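The lines below spell out each chain.
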Amino acid sequence: MKTHYDVVVIGTGAGGATLTQRLAPKLARQGGSILMVERGDHLPVEDENWDTEAVYIHNRYNTNEKWLDRHDKPFTPKCHYWVGGNTIFYGAALYRFRKRDFEEVEHYGGKISPAWPISYDDLAPYYMEAETLWNVHGNRGADPTDDGDAPPYPLPPLTHDPEIKQLKSRLQLAGMTPFEMPMAVERDDEAPENQPCIRCRTCGGFPCRVEAKSDGRKMVDRALSHDNVSLMANAKVTRLETTEDGRRISAVHVETPDGPHVITGDTIVLAAGAVNSAVLLLASKNAAHPNGLANGSDQVGRNYMFHTASASLSFALPKIQTSFLKTMAINDFYWGDPDGGFDYPMGHVQLLEYLDGDVIRGQLSRYMPAWLVPKWIANFIGDRLIPFLVMSEDLPEARNRVLLTETGQIKIEYWHNNMEAHSRLIGRFHKIMRKAGRVCKCLRGYRHSLDGILPLYGTAHQCGTLRMGNDPDTSVVNVDCRAHEIDNLYVADTSVFVTSAAVNPALTCIANSLRVADLIAAQEEDQSAKVA
């Protein structure tokens, strides 16, 4: 087995796989090789992919590892370790961050969302490429907070099911500006025959059995179509070894079913997710880095964010006539209350997926045995719910952090923040929904454990643990996403985020990974030129 590569990428999710497929042809011209290392296996395409009981009650694809919260209470995170990463299970919503999301913004109570060292304009061309690469449908300009001057989405927006179309009209009459969600699926609603996406009820939270959702698996396939790319699956990276002076990663230690392996690479890219990327650096401490690799600033693991999110459930006795709910969102309250009285950011509202009875039973099984909830009752409720995700920005705080216990267990010390804005957002949204003729009840996520009230939105939006910045005393990586203290270590996942904004983070991760791939390619080209 080959043990040395020009680039070793740890993780095959939205960041790692997208970066690899972008980098592969550029390195191929120089004879360079890339290895992707993934702790998980290939997810089987099987009937159970769309079996709600298998997915939500038996947790067929979820990790069984236990993390600790700040009270040392164990919980099972909603994490999925498979080739392609967590995007296999995401809801396929791919939003750009707002322009102001990259700038310093004051929140209620004097809290500050700090500026990024890069601007929206720096990412704008990569956003466009990311939307094309990931087949994003949308309606540019319909979202009042989006960049209306950006080029049109590569694909037209998904149409609304009749029930959602009616609700959109009622929300518009109530003064709102609901818009079509940017969704990454292989679907043409104008010619639905023989389309991969069938607009099913098992999209977000499920693996797509027909692989019609744009996810990390497609990026892995694109990467592996290049002869200079290899994949090492079922391989968990346990430690990164450095040179004696600590300035370079000299070896990657990997555990596999066949035993331990040691791999070397000229450049190492960490893309294991905000929690596990930080954990790997903490677990790799040595004499040159006694507090963990690249952690001279004591920032590794800090500023953990995952959004302040709640589920708002609209119930009515008539059965809803819809199967694909997730096509509409609202950003009227993103920067404040349009009616006045609260001039601080509040957040974002989007439709969630259809809640099958077994999904509801699966969530309740965290607090009681699923068999105590009759399936017919759960199905009756699910068939009459229109669920929304109400999401506010999770502000970065140094005390919110990822730690590693002496026994090697992951611990998340976390205190919720931005509660006033979130509560106001829920109240204003419910008032608008009443005007639109529907009553909502809210399951407030911050009153539950970190794994959340809804399956995907517990640790799915994790970010911020390896902050990007210009100052080595307050950040872990520089503007190029290269570690300040380790010359050949890059990071290409959401851990580099300075803030979480109030929309889904995946597209920003994808766009930034394309940017980082170009930076690495330029560096490799410079080194090749020097050698020549």
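Everything numeric here is computed off the predicted structure, so don't read it as measured data. (Residues numbered from 1 in each chain as written. Predicted model: local features only at pLDDT ≥ 70, side-chain atom pairs only at ≥ 80, totals over all residues. Heavy atoms only, no water.)

With that settled, consider the packing of aromatic side chains. Two aromatic rings are characterised by how far apart their centres lie and by the angle between their planes. Tallying each qualifying case throughout the model produces 20 aromatic pairs. Centre to centre, the rings of Phe102 and Trp116 are 5.0 Å apart; their planes meet at 65°, and the pair counts as edge-to-face. Of this pair, Phe102 sits in the loop between β4 (74–75) and β5 (105–106) while Trp116 sits in the loop between β6 (112–113) and α3 (120–133), placing them 14 residues apart in sequence. With a centroid separation of 6.2 Å and 90° between ring planes, the pair formed by Tyr304 and Tyr414 is classed as edge-to-face. Here the residue Tyr304 occupies a position in the loop between α6 (274–283) and β14 (308–315), and Tyr414 occupies one in the loop between β19 (410–413) and α9 (419–435), the gap between them amounting to 110 residues. Accessibility classification places Tyr304 together with Tyr414 in one group, the buried group. Aromatic ring contacts, followed pair by pair, group Phe97, Phe102, Trp116, Tyr120, Tyr127 and Phe497 into a single cluster. Directly above the aromatic system of Tyr334 lies the positively charged group of Arg98, at a separation of 5.7 Å from the ring centroid. Positioned above the aromatic ring of Tyr153, the side-chain terminus of Arg140 is 3.9 Å from the ring centre. (Phe/Tyr/Trp six-rings, centres within 6.5 Å; stacked < 30°, edge-to-face > 60°. Helix = DSSP H or I, 4+ residues; strand = E, 2+ residues; numbered from the N terminus. Buried < 20%, exposed > 50% of the residue type's maximum accessible area, 1.4 Å probe, protein only. Lys NZ or Arg CZ within 6 Å of the ring centre and 35° of its normal.)

Here the focus is a positive patch on the surface. On the surface, a cluster of positive charge is made up of Lys431, Arg434, Lys435 and Lys441. Counting residues per element, the positive patch draws most heavily on α9, which supplies three residues. Here Lys435 lies in helix α9. (Patch = residues over 30% accessible without salt bridge, like charges linked within 9 Å, V, L, I, M, F, W, Y side chains within 5 Å. Areas by Shrake-Rupley, 256 points an atom, 1.4 Å probe, with all protein chains shown as cover. Salt bridge = Lys/Arg side-chain N within 4 Å of Asp/Glu carboxyl O. Lys, Arg positive; Asp, Glu negative; His and termini not counted. Charge placed at Lys NZ, Arg CZ, Asp CG, Glu CD.)

What follows covers a nonpolar patch on the surface. The grouping of Phe315, Leu317, Ile377, Phe380 and Ile381 at the surface amounts to a nonpolar patch, some 420 Å² of accessible area in total. Element by element, the count of residues in the nonpolar patch is highest for helix α8 (residues 375–382), at three residues. Among the secondary structure elements, Leu317 is positioned in the loop between β14 and β15 (328–330).

Below, the discussion takes up the side chain of Arg467. By secondary structure assignment, the location of Arg467 is in the loop between β20 (440–444) and β21 (489–491). Ignoring sequence-local partners within four residues, the contact set of Arg467 consists of Pro114, Asn303, Pro396, Thr474, Ser475, Val476, Val477, Ser495, Val496, Phe497 and Val498. (Contact = heavy atoms within 4.5 Å.)

Overall, the coordinates contain 28 salt bridges when judged by the stated rule. With a shortest N-O distance of 3.7 Å, Arg39 and Glu65 are connected by a salt bridge. A residue pair is termed long-range when its members are at least 10 positions apart, and Arg39 in the loop between β2 (34–37) and α2 (52–57) and Glu65 in the loop between α2 and β3 (67–68) qualify at 26 residues.

Attention now goes to helix α5 (residues 216–224). Residues Gly216, Arg217, Lys218, Met219, Val220 and Ala223 constitute the buried set of α5. Tucked inside the fold, the buried residues of α5 contact α1 (14–28), β2, α3 and β10 (229–232). N-capping of α5 is provided by Asp215, with a side-chain oxygen placed 2.9 Å from the backbone N of Arg217. (Polar contact = N/O pair within 3.5 Å; in protein donor to acceptor, adjacent residues only side chain to side chain.)

Moving on to the confidence of the model for the protein. Of the residues in the protein, 93% reach a pLDDT of 70 or more, and the chain-wide mean stands at 91. A low-confidence stretch, residues 447–457 stays under pLDDT 50, and its non-local contacts, those more than four residues away or across chains, total 38 contacts. (pLDDT = per-residue confidence, 0-100.)

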